[in-house]
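Examining the three-dimensional arrangement
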Amino acid sequence: MRMGRALIAVVVASVLAAGALAPAASARPASTQAVAPSTYEHTIPPLTDSRGRALTLRGWNVEDKANRGEAALSAITERHFRDLRAGGFNFARLLVFWDDLEPRRGQYSERYLRKIERILGWAQKHRIHVLIDAHQDVFGPAFGHRGIPAWATRTDGLPFTPNPDDWFSEYFQPAVQRAFTHLYEDPDLRRAQAAMWQVLAERFRGHPAVIGYDLINEPMGELREGEDLPTAARRIEAQHLTPMYNRLARAIRAKDRSTWLFVEPTPIVGEGVPTGLGRIHDSRTVYAPHFYNTAMEAGADYDPSAGWIEAYEAAVTAYPARHRMPVVVGEWGPLNNSLPNMGRFYREAVASLNRYSSGWAGYVWCYGGGYCAVDERGRFRTNKEQTATPYAPAVAGTVRSDTYDAITRTYRLAYRAAAGRPGLTELSLPPTARGWRVSVTGRAARVLGEAPYGGRLTVVAWPGAEVVVTVREAGPYGRTDRP
């Protein structure tokens, strides 16, 4: 989501009216230092792999919104995945579009499926987990955007006026809102959406690179007369999104029994509004909110005193804690990263995301300006280098604590090694000219491999051992210590 200026007053006024921007009493300070664990950290479970290891996903969205038809996905190359891996990342949220997959009703594009398959091959080669995201912006091509096909768009003749200078405001056009209502309520469109997902699930189930399916990007809906935005969002989530996700889960499970399903609230959650989503009746479901601030999207600098990060964290953790679901934040990152407070924003945002989530995908891995993570030469743009930190992609055991201090450049992982035979815990260290120093304590604990200037390491320990791994940025002659 990239909210336009004209919508700022509507969203913020509605949220303030609902009291959602005031930091909750339980919100913790947005600090880079380790903080005492809160209730949700004990109730939000980790994402896990087939070996039961706790996973952490760190990466970026990968997209091609410019090309469609025969040229669809052509802007995505192997370089994207090679560079993600080289930067220490292990995750890509891949945008795919229903209008490209099924341009005519019941006719699925084999060419498009092969292109997705090729991209997944690059991801597998470079050991990147991929989340396949069924993306839509302003519903789809009937309104000049991408996503849900024109043949599945029903407006009842309601008006639509394009606003290219403030595209997100187009979600509030009557025709767009009515199109969402028909998608949620019309039996034939429900069947078509489920069938589309079955095509994807049957094709890509078991693919080594695919970790999940994001069922729909930033879903919206129709506001009722006199209804403020937070109230409308909670109603849409409860009455439309929850049953839709349960329908799609049942359809996908008929083809793929194990791949994680990612479900999103409406984008209004970005203002610290708790979701109205109900229970999703699938044991392998991930809560996947987005993390955007309307003022910053409109060009404002980060305001640490506003309490936005704290309010968002307090609101966004309630639902997954109640329903025992892992969290992966699917998009985040402001447009203007060079304003005076943006360095602090990135430190505090990363610290907050790491407290409650199993990972995140920044927006967006591309080479240039705007939202791009890196420039044409592949160098991080201002402040975005703060997303590249040490972390543990997989932990063979129960995580006790997992913290990173951006000021001292120190990462600390404490975990209890799994019982049974020794498991492999993985560490990812981003490139640095100064080098990294790694130490580990615990019964029979040791580090396998060398990665003094960045790369991957493996930690093994005696089953049941209490293990502590410490990673510090070193001097000019980095080294790996192995007690």
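Here the structure is shown first, and the text comes after it.
Keep in mind that what you see is a predicted model, and the values were worked out from it rather than measured. (Residues numbered from 1 in each chain as written. Predicted model: local features only at pLDDT ≥ 70, side-chain atom pairs only at ≥ 80, totals over all residues. Heavy atoms only, no water.)

Taken N-terminus to C-terminus, the directions of helix α5 (residues 110–125) and helix α7 (residues 187–204) make an angle of 45°; their axes are 12 Å apart at the nearest point. In terms of their interaxial angle, α5 and α7 are classed as oblique. Crossing hand, α5 versus α7: right-handed. Contacts from Glu-110, Leu-113, Arg-114, Ile-116, Glu-117 and Leu-120 in α5 reach Val-199, Leu-200, Arg-203 and Phe-204 in α7. Here the residues of the contact of α5 with α7 sort into six nonpolar, no polar and four charged. (Axes fitted to C-alpha atoms, helices over the stretch in contact; angles between N-to-C directions. Helix = DSSP H or I, 4+ residues; strand = E, 2+ residues; numbered from the N terminus. Parallel < 35°, antiparallel > 145°, perpendicular 65-115°, else oblique. Left-handed = near helix turned anticlockwise from the far one by under 90°. Contact = heavy atoms within 4.5 Å. Nonpolar A, V, L, I, M, F, W, Y, C, P; charged D, E, K, R; others polar.)

Looking now at the packing of aromatic side chains. This model, assessed by the stated rule, comprises 30 aromatic pairs. Pairing Phe-345 with Tyr-346 gives two aromatic rings, centres 5.4 Å apart and planes at 80°, and the pair type is edge-to-face. Residue class for Phe-345 comes out buried when judged on its relative accessible area of 2%. Three or more aromatic residues joined by ring pairs make a cluster, and in this case those are Phe-139, Phe-143, Phe-160, Trp-167, Phe-168, Tyr-171, Phe-172, Phe-180 and Tyr-184. Here the basic side chain of Arg-284 rests over the ring of Trp-260, its NZ or CZ set 4.2 Å away from the ring centre. Against the face of Trp-462 rests Arg-443, its NZ or CZ located 4.4 Å from the ring centre. (Phe/Tyr/Trp six-rings, centres within 6.5 Å; stacked < 30°, edge-to-face > 60°. Buried < 20%, exposed > 50% of the residue type's maximum accessible area, 1.4 Å probe, protein only. Lys NZ or Arg CZ within 6 Å of the ring centre and 35° of its normal.)

Let us look at the environment of Arg-344. Secondary-structure assignment places Arg-344 in helix α12 (residues 342–356). For Arg-344, a relative accessible area of 40% gives the class partly exposed. Taking the C-alpha atoms as reference points, Arg-344 and Asp-303, separated by 41 residues in sequence, lie 9.6 Å from one another. With near-sequence residues (within four places) excluded, Arg-344 lies in contact with Tyr-302 and Pro-304.

This part is about the pairing of strand β3 (residues 57–62). Counting buried residues in β3 gives six out of six residues, a clear majority hidden from the surface. Bridge count for β3 against strand β11 (residues 359–362) is four bridges, and the pairing is parallel. Across the sheet, Trp-60 pairs through a bridge with Gly-362, a residue of β11. In terms of strand pairing, β3 meets strand β4 (residues 91–96) through four bridges, oriented parallel. Residue pairing in the sheet places Gly-59 in a bridge with Phe-91 of β4. With respect to chirality, the unit in which β3 leads through helix α3 (residues 78–86) into the neighbouring parallel β4 is right-handed. (Pairing = 2+ DSSP bridges. Right-handed = clockwise from strand over helix to strand, strands pointing away.)

What follows concerns the sheet that holds strand β14 (residues 410–417). Hydrogen bonds between backbone atoms are what pair the strands of a sheet, whose relative direction is either parallel or antiparallel. The strand order across the open sheet built from four strands is β13-β14-β19-β16, with neighbouring strands paired in antiparallel fashion. The sheet is open, and its two edges are formed by β13 (397–405) and β16 (436–441), each paired on a single side. Strand-to-strand, the axes of this sheet are offset by a mean angle of 10°, without reference to chain direction. The pairing of β13 with β14 spans eight bridges and is classified as antiparallel. Residue pairing for β14: Thr-398 is matched across the bridge by Arg-416.

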